[in-house]
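Chains, contacts and geometry: an overview
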Amino acid sequence: MARPTSALIHTDALRHNLAQARALAPHSRVMAVVKADGYGHGLERVARALEGADAFGVASLSDADRLRAAGLSQPIVLLSGFDEADDLPQLRRLGVETVVHHISQVEMLEQAADGDPIRCWLKVDTGMHRLGFAPEHLHEAHARLSAAASVADGIVLMNHFASSDEFDGDSPGNRQTREQQREFAAAIDGLSGARSLANSAAVLGWPDAHADWIRPGGLLYGISAVEGRNGEDFGLRPAMTLSTRLIAVNAVRKGERVGYAATWECPEDMLIGVAAIGYGDGYPRAAPSGTPVRVAGHDTQVIGRVSMDLMTIDLRGIPQAKVGDPVVLWGPELPVERIAQVSGTIGYELTCSITRRVRFVES
């Protein structure tokens, strides 16, 4: 018998969230970011659902290859850029555009063999301090790319926000985003080309940063990038329901301890459910006792440590619970952000961590 753990992917939610992104930024084109196997939802499945996007953003050439093999014809942008000169023929073969963030990439493009010109997205570092040209070097990089025979006309100018998830009040992150906007405007002064600044959080909270292209990622999967807020707070719909079933219901006496390291003690005689899911499926081991879970439509909580294949669940208040009852770990009725918050992480990491032994089903 197959393990009952499954991830149901709601393709209608993906399409709804794309429509929400367009409604929030009606004058911008949309690059749907589908890296990390579509944030754990399945690359090809997600891309087909999001065929209405103007472009796709990926982190690797292998992802671009998969999208082309699946018949997707939209522009594809390699967000971290190419690594070596040998990547350039593959960019051309697949018709992939590339981010350029370092002088070594400029040099490789200048020295590239003859072939179809490659469209480039020139990245300026306005304060994230991860990838991108320092503002004082941007004009030189732009001039060299513009002069290179291997580079297509229409270089796109872009940056990446570090703290755009803070858009209420006058927080340090709020001030940083405003400063990054000022840095970007100053850096690109006098340069032509489309602009792209907004990630998911900026799409939600910084309308003055929408510019010509927005680059939503987690937003498309119904996941909020804003601490303390769920995707539903912004009109988004969760695109994944992770679920399993109870495989045991056990009576345990008051004072007995549950799970590895005996971290949870029964406060009374009680029923405990055992569900067929654990960190081997991608559920976070760090989820503490008290993490919300739903059994047969009722709210309850995880108790004891999550193990590799199993978790234990408090069935007080659900005396009718029985073997085979459905267990929902996250989904429309239980936002993934709630599990992420108590586990010390973000919803993106949880959906990206689902392992291969989980059965994926499309709705």
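Provided above is the structure to which this section pertains.
Now for a look at the structure at hand. (Residues numbered from 1 in each chain as written. Predicted model: local features only at pLDDT ≥ 70, side-chain atom pairs only at ≥ 80, totals over all residues. Heavy atoms only, no water.)

Things to note about the overall build of the protein chain
For the protein chain, the helix and strand inventory stands at eleven helices and 18 strands. Its C-alpha atoms give the protein chain principal-axis dimensions of roughly 75 × 45 × 35 Å. Sorting the 363 residues of the protein chain into buried and exposed places 53% on the buried side. A separation of at least 24 residues holds for 65% of the contacts in the protein chain among residues at least 6 apart in sequence. Carbon and sulfur atoms form 48% of the exposed surface of the protein chain, whose accessible area is close to 15700 Å². Charge separation in the protein chain, taken as the distance between the mean sites of 35 positive and 45 negative side-chain charges, equals 7 Å. (Helix = DSSP H or I, 4+ residues; strand = E, 2+ residues; numbered from the N terminus. Buried < 20%, exposed > 50% of the residue type's maximum accessible area, 1.4 Å probe, protein only. Contact = heavy atoms within 4.5 Å. Areas by Shrake-Rupley, 256 points an atom, 1.4 Å probe, with all protein chains shown as cover. Lys, Arg positive; Asp, Glu negative; His and termini not counted. Charge placed at Lys NZ, Arg CZ, Asp CG, Glu CD.)

Section: the layout of surface pockets
Approximately 900 Å³ is the volume attributed to the largest pocket. Considering the residues around the largest pocket, the lining is formed by 38 residues, among which Y39, N199, A225, I346 and Y348 are closest to the centre. Elements with a contribution of two residues or more to the lining of the largest pocket: α2 (35-39), α9 (200-205), α10 (336-343) and α11 (347-352). The element contributing the most residues to the lining of the largest pocket is α10, with four residues. Classifying every residue of the lining of the largest pocket gives 15 nonpolar, 14 polar and nine charged. (1 Å grid on protein atoms, 1.4 Å probe; cavity = no way out; pocket = protein on both sides within 12 Å on 5 of 7 lines; lining within 4 Å. Points joined across faces, edges and corners; volume = space filled by probe spheres on them. Nonpolar A, V, L, I, M, F, W, Y, C, P; charged D, E, K, R; others polar.)

Overview of the pairing of strand β16 (residues 311-314)
The side-chain alternation of β16 yields two buried faces, one formed by M311 and I313 and the other by T312 and D314. As defined by bridge partners, strand β15 (residues 298-303) adjoins β16 across two bridges and the pair is classed as antiparallel. Bridge pairing in β16 links I303 to T312. (Pairing = 2+ DSSP bridges.)

Things to note about the sheet that holds strand β7 (residues 156-158)
Taken together, the eight strands give a closed barrel; going around it, the order is β2-β3-β4-β5-β6-β7-β8-β9, and neighbouring strands pair in parallel fashion. For strand β4 (residues 76-78) and strand β5 (residues 96-100), the ladder comprises three bridges, and the chain directions are parallel. By the bridge assignment for β5, L78 is matched with T98.

Comments concerning empty space enclosed by the protein
Per the counting criterion, the structure on display carries one cavity of 30 Å³ or more. What lines the largest cavity is a set of 14 residues, and nearest its centre among them are I223, P238, M240, W330 and V336. Looking at the lining of the largest cavity residue by residue, the class counts come to nine nonpolar, four polar and one charged.

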